[in-house]
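The primary structure of each chain is shown beneath.
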Amino acid sequence: MANISSFDLNLLRVLDALLQYHSTVRAGEHLGLSQPAVSAALGRLRAALGDELFFRRGQGMEPTQYALSLEAPLRDILDRAEVLIRGADVFDPMVSDAHFRVSGSDFFAEMLMPQLADRLSTLAPRMRVHLVDLVPDSHVDTLERYGVDLALIPEMELLDWIADRPLFLSTYKVIARKGHPRLARAGCSSGDVIPLDLFCDLGHVLFSPEGRAAAQGDAALAKLGRQRSVVMTMPVFSGVYRAVAGSDLIALMPTALAHHIAPAAGIEVFEAPVPVDPQQIDMIWHKRNSSSPAHTWLRNQIADILLPLDEA
C-alpha cells in the first residue's frame, strides 16, 4: 500500500471524478484530461491502493465496495483543501454565477420560488436556480444520480453521506370548491369542521407522485376504524386543487398552500374531522457541498424564506 510521502495526491482528484461520473471519458472532460490519461491514473490508483476500485458494467464503470467507502471522506478532504487554498476569499453573491438544481414538489413552485426569484434578482443576479421534479420513491437518489444540489422533502431516515436541515412543520386542512352543495346542506362554512361521516363519504383527491391511494389522512381515520374514498391521485398539488375547484371532490392539503391558493382557485378551506399528523419538511444535500460558500448561501436563503411556514 502507498504512503503519503510517495503517493501522488493529484490521483485523488481523478478518483473523485471517477466516483462522480463512473466513466473515464466523462471524468476526463471534468478534469481537462484525456481518456487515456484518466485510465493511466486509474491504473496507478489500483496499484497504490491495492484494490480494483472500478469494474466494467455495460457502458459504464461500477465502483467496488472499497471505492464507495472512500467517496464521502475523499470529497470532504477535497472540499477542505479547496477552502484552505481559497484562504480568506469572501463569497460575494452579487458576482456569483453558480447554478443550482433544487428538487421538490410544486408546493415550492408556489411557496418558495417567487420569493427566491425576487431575492436573486436583487442579491445574486447572475446565480441560476432550477426547480426540478422529485424522483418518485427515490428522493435521496436525486442527490447522487440526477445532479441535484438540494432536495426539499418530508423528514426521512438518511444515509451517512447526506446532510440535512429542518425547514418547517406543515399541518393539513381540507379544501373544497366554493358553494359545494353537500357541505352547504350540512351547514358547513369556511373554517368549520367537516362532519366525519360526510368527510368519509365524499370523494377525495390525493397528492401522490407515486400514485399511492393512502397518506396521513388515512392513518388518522384508521385509528377510528374509518376510511375515506380516494377516487383520484395527482402527482402535483396544482392538479389536486384544480380537480377540487372543478368538481365535488375534496382534498387534504398543506395548510400554508391551501390558504395561499384559495382566493384565486375558487376554493374554501375547512378543518378535518380527525387530527392529521403534521409533516416535518427538511432540506437535504450531499455532505461534499456542506462547506461550499455559494451552496451555504443558497441554503440560508431558502431556509429564511420558508421559516414563516413553520406551524410548530
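In this report, we go over the structure that sits alongside the text. (Residues numbered from 1 in each chain as written. Predicted model: local features only at pLDDT ≥ 70, side-chain atom pairs only at ≥ 80, totals over all residues. Heavy atoms only, no water.)

With that settled, the discussion passes to the overall build of the chain. When its secondary structure is counted, the chain shows 13 helices and 12 strands. The C-alpha radius of gyration of the chain comes to 25 Å, more than 25% above the 20 Å expected for a compact globule of 312 residues. For the chain, the spread of C-alpha atoms along the three principal axes comes to 80 × 45 × 30 Å. Across the 312 residues that make up the chain, the buried fraction comes to 45%. Of all intrachain contacts in the chain linking residues separated by at least 6 positions in sequence, the fraction that spans at least 24 positions is 74%. Entry remark: accessible area of the chain is about 15900 Å², with carbon and sulfur atoms responsible for 53%. The positive charge centre, built from 28 side chains, and the negative charge centre, built from 38, are 3 Å apart in the chain. (Helix = DSSP H or I, 4+ residues; strand = E, 2+ residues; numbered from the N terminus. Rg over C-alpha atoms; globule rule 2.2 N^0.38 Å. Buried < 20%, exposed > 50% of the residue type's maximum accessible area, 1.4 Å probe, protein only. Contact = heavy atoms within 4.5 Å. Areas by Shrake-Rupley, 256 points an atom, 1.4 Å probe, with all protein chains shown as cover. Lys, Arg positive; Asp, Glu negative; His and termini not counted. Charge placed at Lys NZ, Arg CZ, Asp CG, Glu CD.)

Attention now moves to the sheet that holds strand β10 (residues 251-254). An order of β10-β7-β11 is seen for the 3 strands of this open sheet, with the pairing classed as antiparallel. Because the sheet does not close on itself, it has two edges, and the strands there are β10 and β11 (267-270). Between one strand and the next, the sheet's axes are offset by a mean angle of 45°, whatever the strand orientation. Here strand β7 (residues 172-177) pairs with β11 via 4 bridges, running antiparallel. Paired with A176 across the two strands is E268, which belongs to β11. The strands touched by helix α11 (residues 237-245) are β7, β10 and β11; relative to β10, the strand with the most contacts, the crossing angle is about 135°. In the packing of helix α12 (residues 255-265) onto the sheet, the strands contacted are β7, β10 and β11, and the crossing angle to β10 comes to about 110°. (Pairing = 2+ DSSP bridges. Axes fitted to C-alpha atoms, helices over the stretch in contact; angles between N-to-C directions.)

On to unusual backbone geometry, then. The phi torsion at H22 lies on the positive side, around 55°, for a residue other than glycine. Relative to the assigned elements, H22 resides in the loop between α1 (10-21) and α2 (24-31). Non-glycine residue L53 carries a positive phi angle of around 70°. With respect to the element layout, L53 can be found in the loop between α3 (35-49) and β1 (54-57).

Tracing the chain through its elements places S23 in the loop between α1 and α2. Judged by its relative accessible area of 17%, S23 falls in the buried class. In terms of polar contacts, S23 uses its side chain to reach the backbone amide nitrogen of R26, at 3.2 Å. Excluding anything up to four places from it in sequence, S23 contacts L18 and M61. (Polar contact = N/O pair within 3.5 Å; in protein donor to acceptor, adjacent residues only side chain to side chain.)

Look at α3: 21 Å from first C-alpha to last across 15 residues, which is about the 21 Å you get at 1.5 Å a residue. When α3 is considered as a whole, its buried residues turn out to be V38, A41, L42, L45, A48 and L49. Buried residues of α3 fall within an arc of 125° about the axis and therefore sit on the same side. Those residues of α3 that are exposed and aimed more than 90 degrees away from the buried face are P36 and A47. Following α3 by one or two positions, G50 adopts a phi angle in the positive range, close to 65°. (Expected span 1.5 Å × (residues − 1). Arc of directions from axis to C-beta.)

Moving on: the pairing of strand β12 (residues 279-286). Residues in a regular strand point their side chains to alternate faces of the sheet. Where burial is concerned, most of β12 is hidden: 7 out of the 8 residues are buried. Two strands pair when backbone bridges link them, and strand β5 (residues 150-154) and β12 are joined in this way by 4 bridges, in the antiparallel orientation. Opposite L152, over in β12, you have M283 as the bridge partner. Sheet topology places strand β6 (residues 162-170) next to β12; 8 bridges connect them, and they run antiparallel. Counted as the bridge partner of I162 is H286 from β12.

Pairing in this open sheet of 5 strands is mixed, and the strands run β4-β3-β5-β12-β6 from one edge to the other. Of all the strands in the sheet, the pair left with one neighbour each is β4 (128-132) and β6. Within this sheet the neighbouring strands show an average axis-to-axis angle of 20°, counted without direction. Looking at chain direction, strand β3 (residues 99-103) and β5 are connected through 2 bridges and run parallel. Looking at β5, one finds that V102 is bridged to L150.

The next thing to look at is the nonpolar core. Core analysis: the biggest nonpolar cluster contains 46 residues, and L112, L116, I175, M253 and I302 have the highest contact counts within it. Per element, the largest residue contribution to this core is 7 residues, and it comes from helix α13 (residues 293-306). Beyond its immediate chain neighbours, meaning those up to four positions away, M253 contacts T171, Y172, K173, I175, F237, V240, Y241, A258 and I261. With 22 residues, the next largest nonpolar core counts Y21, A41, L49 and L74 among its residues. (Core = buried A, V, L, I, M, F, W, Y, C linked by side-chain atoms within 4.5 Å.)

Among the 6 residues that make up β7, 5 are buried, leaving the element largely enclosed by the rest of the structure. In the sheet, β7 pairs with β10 via 4 bridges, with the strands oriented antiparallel. If you follow K173 over to β10, its bridge partner there is M253.

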